[in-house]
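Chain by chain, the residues run as shown.
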Amino acid sequence: MPAPVWPATSVCFTLHTPDAHRLHVRQCGPHDGEPWLVLHGGPGSGCQPSMAGWFDPLRHRAVLPDQRGAGRSRPAGSRRRNTLTALLADLEQLRTTLGIERWGVVGGSWGAALALAYAARFPDAVAALVLRGAFLTGFDDVQALFDARGAGRAFLRGVDRKGERHPGARGRLLATAKVLQAGTTAQKWNTAAQWQLAERRLLGLPPAHRGSRPQQMALLRKYQLQAHYLVCRCGLGKTTLLRAAGRIGGSGLPVTLLHGRTDKVCRPRNAQRLQAVIPQARLMWVPAGHLAEGDMVRALRAAIGAAAWSVGARHATGLVDLAVDGIA
């Protein structure tokens, strides 16, 4: 089966932030379509062509930014001024640059957590939320990956044994982050490869083939950025994120929660905890794991289509022209 490709009609541009980050942004669909912001996971993963397939190409205007340091944004992998506060400011800058009054927001995994934080911080900017496989940013949420008894056992072989002196997931994560950011070149490569192996085991995927040097560099930058965020609980933490979700619950914002019944990365009880504080949320259990494929993609398309009336009713018709940098 061929790999997904971006629609030929999609348009890319670079959003320059006031603090010298350059965000790669792709738009798919009609310029006057119902606007949707797509937030990728990771942190550090970047948007993928398959995400464009969640939308009706004749009806929806999908906006897909690579977050700071992720994907094709530059500086690649940069952790400088890369914080939750900065990410939220970037999204607002993007919305106003595009002339969108309100948009729907769809996010998966870490992207779901970022979507909740954004909607709580800028409630007037969001018309609806569609959240897939939500990550709640607690240290227990990364325990499965860094647990020596589980899929993380192989990963821990790539970490200096001193990491075992720190109890719990946070200690192992701190040790891992130190190796990724300050270890020798060989230690960095090995740790990134072991992280990927543990992650793919959790996802039920076979080990990846060793990529080219540029691909290995991209993988290392991804996990350096991911560790940077996970060490500080993504600038949120579970209590803060659930409090933000509670404010969304009090606002009556339309929310759809999609969660795979067999999700081993973000546990199904995450969706239940969100529904408890967002009473208007519609929770849909999907016969799927963590990845957006198969039945989960069909559920995403249905949820976005059902929420479109809310988005369409709440976004402005006024648009602005863009100075496009012409990124391919």
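What comes next concerns the included structure. All values derive from a computational prediction rather than experimental measurement.

Another aspect to go through is the overall build of the protein. Along the protein, the regular secondary structure elements total 10 helices and eight strands. With 328 residues in all, the protein has 52% of them scored as buried. The long-range fraction of contacts in the protein, counting pairs at least 24 apart against all pairs at least 6 apart in sequence, stands at 76%.

The end-to-end C-alpha separation of helix α6 (residues 185-202) is 26 Å, in line with the 26 Å expected for 18 residues at 1.5 Å each. All of the buried residues in α6 are Trp189, Thr191, Ala192, Trp195, Ala198, Glu199 and Leu202.

By size, the foremost hydrophobic cluster in this structure holds 65 residues, and its most contacted members are Leu94, Trp103, Val105, Leu116, Tyr118 and Leu129. For this core, the element with the highest residue contribution is helix α2 (residues 110-121), accounting for 10 residues. Contacts of Leu129, omitting those with residues within four sequence positions, involve Val105, Ala115, Leu116, Ala119, Ile248, Leu253, Pro254, Val255 and Thr256. By size, the runner-up hydrophobic cluster in this structure holds 25 residues, among which are Met51, Met296, Val297 and Val311.

Going through the model one piece at a time under the given rule, you end up with zero disulfides. Not part of a disulfide, Cys12 finds its nearest cysteine sulfur in Cys28, a span of 7.8 Å. When its relative accessible area of 5% is taken as the criterion, Cys12 is described as buried. Cys232 provides the cysteine sulfur closest to Cys234, a residue in no disulfide bond, and the two sulfurs are 6.5 Å apart.

Turning our attention to the sheet that holds strand β8 (residues 282-286). Read from one edge to the other, the open sheet built from eight strands follows the order β1-β2-β4-β3-β5-β6-β7-β8, with strand pairing classed as mixed. Looking at the sheet topology across the chains shown, the edges are occupied by β1 (11-16) and β8. If you compare each strand with its neighbour and ignore which way they point, the axes differ by 20 degrees on average. Relative to β8, strand β7 (residues 255-260) runs parallel, the two sharing five bridges. Across the sheet, the residue bridging to Gly260 is Val286, located in β8. Relative to strand β6 (residues 126-132), α2 is tilted by about 155 degrees, and along the sheet it contacts β3 (34-39), β5 (103-108) and β6. Here helix α9 (residues 269-277) sits on the sheet in contact with β7 and β8, set at roughly 160 degrees to β7.

With that settled, the discussion passes to the pattern of salt bridges. Taken as a whole, this structure holds 10 salt bridges when the rule is applied. The closest approach of N and O atoms between Arg68 and Asp90, which form a salt bridge, is 2.6 Å. Taken together, the residues Arg68 in the loop between β4 (60-65) and α1 (84-97) and Asp90 in helix α1 connect sequence positions 22 residues apart. Of the two residues, Arg68 and Asp90, both sit in the buried class. Across the salt bridge formed by Glu199 and Lys222, the nearest N and O atoms sit 3.5 Å from each other. In this pair, Glu199 is assigned in helix α6 and Lys222 in helix α7 (residues 213-231), connecting sequence segments 23 residues apart. Residues joined by salt bridges that share partners form a network here, namely Asp140, Asp141, Lys238 and Arg267.

For the rest of this paragraph, the subject is the packing of α2 against helix α8 (residues 238-251). Between α2 and α8, whose axes approach to 9 Å, the crossing angle comes to 55 degrees. Between α2 and α8, the interaxial angle falls into the category oblique. The handedness of the crossing between α2 and α8 comes out as left-handed. Facing α2, whose interface residues are Ala113, Leu116, Ala119 and Ala120, α8 presents Leu241, Ala244, Ala245, Arg247 and Ile248.

Further remarks concern the packing of α6 against α7. Geometrically, a packed helix pair is captured by the angle between its two axes and the distance between the axes. Taken N-terminus to C-terminus, the directions of α6 and α7 make an angle of 75 degrees; their axes are 9 Å apart at the nearest point. The angle between α6 and α7 places the two elements in the roughly perpendicular class. Of the residues in α7, those touching α6 at Lys188, Trp189, Ala192, Trp195, Gln196 and Glu199 are Arg213, Gln216, Met217, Leu219, Leu220, Lys222, Tyr223, Gln224, Gln226, Ala227 and Leu230. Class assignment for the residues of the contact of α6 with α7 results in nine nonpolar, four polar and four charged.

Among the secondary structure elements, Gln216 is positioned in helix α7. A distance of 3.1 Å separates a polar side-chain atom of Gln216 from the backbone oxygen of Gly211. What Gln216 contacts, discounting residues up to four positions off in sequence, is Trp189, Arg210 and Gly211.

A few words on the environment of Val130. Tracing the backbone shows Val130 in strand β6. Val130 sits in the buried class, given a relative accessible area of 0%. Sequence separation between Val130 and Ala303 is 173 residues, and the spatial gap between their C-alpha atoms is 6.9 Å. The residues touching Val130, leaving out its near neighbours within four places in the chain, are Trp36, Val105, Val106, Gly107, Thr256, Leu258, Leu300, Ala303 and Ile304.

For the rest of this paragraph, the subject is α1. The end-to-end C-alpha distance of α1, which contains 14 residues, comes to 20 Å, matching closely the 20 Å that a straight helix rising 1.5 Å per residue would cover. For α1, the full list of buried residues reads Leu84, Ala86, Leu87, Leu88, Asp90, Leu91, Glu92, Leu94 and Arg95. Backbone geometry just downstream of α1 places Gly99 in the positive-phi region, at approximately 70 degrees.

What counts as what
- Residues numbered from 1 in each chain as written.
- Predicted model: local features only at pLDDT ≥ 70, side-chain atom pairs only at ≥ 80, totals over all residues.
- Heavy atoms only, no water.
- Helix = DSSP H or I, 4+ residues; strand = E, 2+ residues; numbered from the N terminus.
- Buried < 20%, exposed > 50% of the residue type's maximum accessible area, 1.4 Å probe, protein only.
- Contact = heavy atoms within 4.5 Å.
- Expected span 1.5 Å × (residues − 1).
- Core = buried A, V, L, I, M, F, W, Y, C linked by side-chain atoms within 4.5 Å.
- Disulfide = S-S within 2.5 Å.
- Pairing = 2+ DSSP bridges.
- Axes fitted to C-alpha atoms, helices over the stretch in contact; angles between N-to-C directions.
- Salt bridge = Lys/Arg side-chain N within 4 Å of Asp/Glu carboxyl O.
- Parallel < 35°, antiparallel > 145°, perpendicular 65-115°, else oblique.
- Left-handed = near helix turned anticlockwise from the far one by under 90°.
- Nonpolar A, V, L, I, M, F, W, Y, C, P; charged D, E, K, R; others polar.
- Polar contact = N/O pair within 3.5 Å; in protein donor to acceptor, adjacent residues only side chain to side chain.

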